[in-house]
Amino acid sequence: MSITWTAGYLPGLAEHEVRWHTLPFASGGQSVAVRVPVLAPEQLGALARRVKQAAAFHLKPLPVSQVVAILDEAIARLLDPKDPVRQEAQRLLPAVTGYDAEMVRLALTGFLQSFRAPQLHRFVAEDFANPKVLDEFQPAAKGGFVRAFGPELLVHSWAGNVPALPLWSLACGLLVKAGNVGKLPSAEPVFASLFARLLAEVHPPLADCLAVTWWKGGDAASAAALFAEADTVLAYGGNEAIAQVRAQVPVTARFLGYGHKLGFGLVSRTALDAQRGVATARLAAHDVVRYEQQGCYSPHQFFVQRGGKVDPRAFAHYLAAELAAQQQRYPRRALVLEEAAAVSGWRQSAELRALSDQGCELLGAPDAAWAVAYSDAPRSLAPTAGGRCVLVCAVDALAEVPPLVAPHARFLQTAGVACDPRELFALAEALGRAGVTRIAALGAMTTPEAGWHHDGRFNLADLVRMVEIEQSAERAADRLAPYAQEDRP
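Per chain, residues are indexed from 1 in the order of the written sequence. With pLDDT at 70 or above as the cut-off, local features in this predicted model cover only qualifying residues; side-chain atom pairs require 80 or more to be listed or tallied, and sums for whole chains, interfaces and linings still use all residues. Hydrogens and water molecules were not included; the side-chain quantities draw on all heavy atoms of the structure.

A.B. asks: Help me understand the side chain of Gln301, please; the structure alone is not making it clear to me.
C.D. replies: Within the fold, Gln301 resides in strand β12 (residues 299-305). The term polar contact refers here to a pair of N or O atoms within 3.5 Å; inside protein, the definition further demands a hydrogen-donor-capable atom paired with an acceptor-capable atom, and it admits residues adjacent in sequence only when both atoms are side-chain atoms. Within the local environment of Gln301, its side chain forms a polar contact with the backbone oxygen of Arg379, the two atoms lying 3.1 Å apart. The secondary structure listing takes helices from DSSP runs of H or I that are at least 4 residues long and strands from runs of E that are at least 2 residues long, numbered from the N terminus.

Next comes the structure, spelled out in structure tokens:
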């Protein structure tokens, strides 16, 4: 089956005014040709100015609570399995990304639930003690008044490693009432296009307040035309892509980059008794399988403590069994040539290590869609080849782990833990010092909570300018009030 689908969202531009480029996708017997819009630099500049003007008129006057309500209505539509937009997302995303359709369905529902109204209110409250600072000047604790102003234009350069990822930054941009223009990722141009159209349908005044376009990586003229209009540029992707975007952003604009990160897990012996051992391995397998280790929060290595009823080697075998079971339920997506070569190389290295070291083992047949390498000695944190390849290594104490991961501080983000409360806070202190910014339960590594501090930063506060009315200005104004003049002798 083959279909053609048009991506992008370009208010004010007719289809015949745009040049189109086709991105081919094929998976599971379905082929999708996605047409993405390619605008000339002058069209991009004009589009950016149109979005800024519309946002100033239609979006910035809205109370933040109403912006939350609009987003909530759109998310409710996407959570409804009978809604045509949800059905279109479920039809297209598996074919475009290669991910198993059932995995996409379940993961998309879980992801979207983080953007309902209660979660969005928490999102705002996490960054602003008084969310009304996004609407009007509010009293400051130190005296005077303070107000948060979002960008006139926020530009997003999205990555396509995880379906629906653009929703994070797009929701943030709307909550701070910015005009938004997004650059589609070539790997997943579907979701952002669908969501922009849905927002315009849910609340028509927003129709011109955002746009979604595309250009080929390395097109400096297109990037320059759009970035010249931006107050703030957000970029997601690999470190090389982030560096390229950073170099193109004018010094007068704020740049926020979210690059490659490396996740790992820690398993305490308290989670490895006879009852909990298999369940703990199942949670770890879930984190490995969901989105095929493509997310910045996905685990590549598990440090497992000795001393439990289930020893680290047995845990590795349990994990292998769970990955085999997951393959039956959620088949791994087909690997492209370079991914398959990387997996093959990683497996060969693990096999050679197992031959030379009796404390090492490689689990998984050569043709299996997963692999678990085991080391009886601690190993420094390192990325695997992905594709459901993971390393399990034994440690005597979880306190050994922070020094093993600290050399990679710049690349640390999420650590998944299975331990008791006493261990949790001691570990959190040490992991935080090592560079980790998010500590989640095993099994929840790939589902960040609403309002999490992405890479240890503020999602909304980083996007705004804080404007203060100092007490001196307030007192001076008070002296010039009509009532003050009437009191003069």
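After that view, the rundown keeps rolling.
A.B. asks: How should helix α1 (residues 41-59) be read in this particular structure?
C.D. replies: Helix span, as expected, comes to 1.5 Å for every residue beyond the first. A rise of 1.5 Å per residue sets the reference length of α1, with its 19 residues, at 27 Å; its end C-alpha atoms lie 26 Å apart and thus fit the reference within 8%. Inspection of α1 places Leu44, Gly45, Leu47, Ala48, Val51, Ala54, Ala55 and Leu59 among the buried residues, and these make up the whole buried set. Where the residues of α1 are buried, they touch α2 (64-79), β6 (153-157), α6 (166-175), β7 (179-183), β8 (210-213) and α8 (220-227). Accessibility here uses a 1.4 Å probe with only protein chains present; expressed as a share of the type maximum, an area under 20% marks a residue as buried, one over 50% as exposed, and anything in between as partly exposed. By definition in these notes, contact holds between two residues if any of their heavy atoms fall within 4.5 Å.

A.B. asks: Please clarify how the sheet that holds strand β18 (residues 465-469) should be interpreted in this entry.
C.D. replies: Strand order in the open sheet made by the three strands is β4-β5-β18, with antiparallel pairing throughout. Both edges of this open sheet fall to β4 (138-139) and β18, since each of them pairs with a single strand only. Each pair of strands is called paired provided DSSP finds at least two bridges between the two strands.

A.B. asks: I keep staring at the packing of aromatic side chains and nothing clicks. Help me out?
C.D. replies: A ring pair, where both rings are aromatic, is described by two values, the distance of the centres and the angle of the planes. Between the rings of Phe, Tyr and Trp (Trp by its six-membered ring), a pair exists once the centres lie within 6.5 Å; its type follows the angle of the planes, with under 30 degrees stacked, over 60 edge-to-face, and the other angles tilted. Per the counting criterion, the structure on display carries 11 aromatic pairs. On the numbers, 6.1 Å between centres and 70 degrees between planes, the contact of Phe111 with Trp168 is edge-to-face. In this pair, Phe111 sits in helix α4 (residues 101-112) while Trp168 sits in helix α6, placing the two residues 57 residues apart along the sequence. Two conditions define a charge located above a ring, namely a distance within 6 Å from the ring centre to NZ of Lys or CZ of Arg, and an angle within 35 degrees of the ring normal. Just above the ring of Trp20 sits the side chain of Arg35; from NZ or CZ to the centre is 4.6 Å. The ring centre of Phe149 lies 4.3 Å from the NZ or CZ of Arg147, which sits over that ring.

A.B. asks: I would appreciate a short explanation of the pattern of salt bridges in the present structure.
C.D. replies: By definition here, a salt bridge exists when the distance from a side-chain nitrogen of Lys or Arg to a carboxyl oxygen of Asp or Glu is within 4 Å. Considering all chains together, one arrives at 22 salt bridges under this definition. Where Asp208 meets Arg50, a salt bridge forms, and the shortest distance between an N and an O atom there is 3.1 Å. Taken together, the residues span a long stretch of sequence, with Asp208 in the loop between α7 (191-202) and β8 and Arg50 in helix α1 at a distance of 158 residues. Here Arg50 falls in the partly exposed class, since its relative accessible area comes to 35%. Note that Arg306 is salt-bridged to Asp376, the shortest N-O span being 3.4 Å. With a gap of 70 residues between them, Arg306 in the loop between β12 and α11 (312-329) and Asp376 in the loop between β14 (371-375) and β15 (389-395) connect regions that are remote in the sequence. For Arg306, a relative accessible area of 26% puts it in the partly exposed group. Salt bridges here are not isolated pairs; linked through shared partners, they connect Arg49, Lys52 and Glu229.

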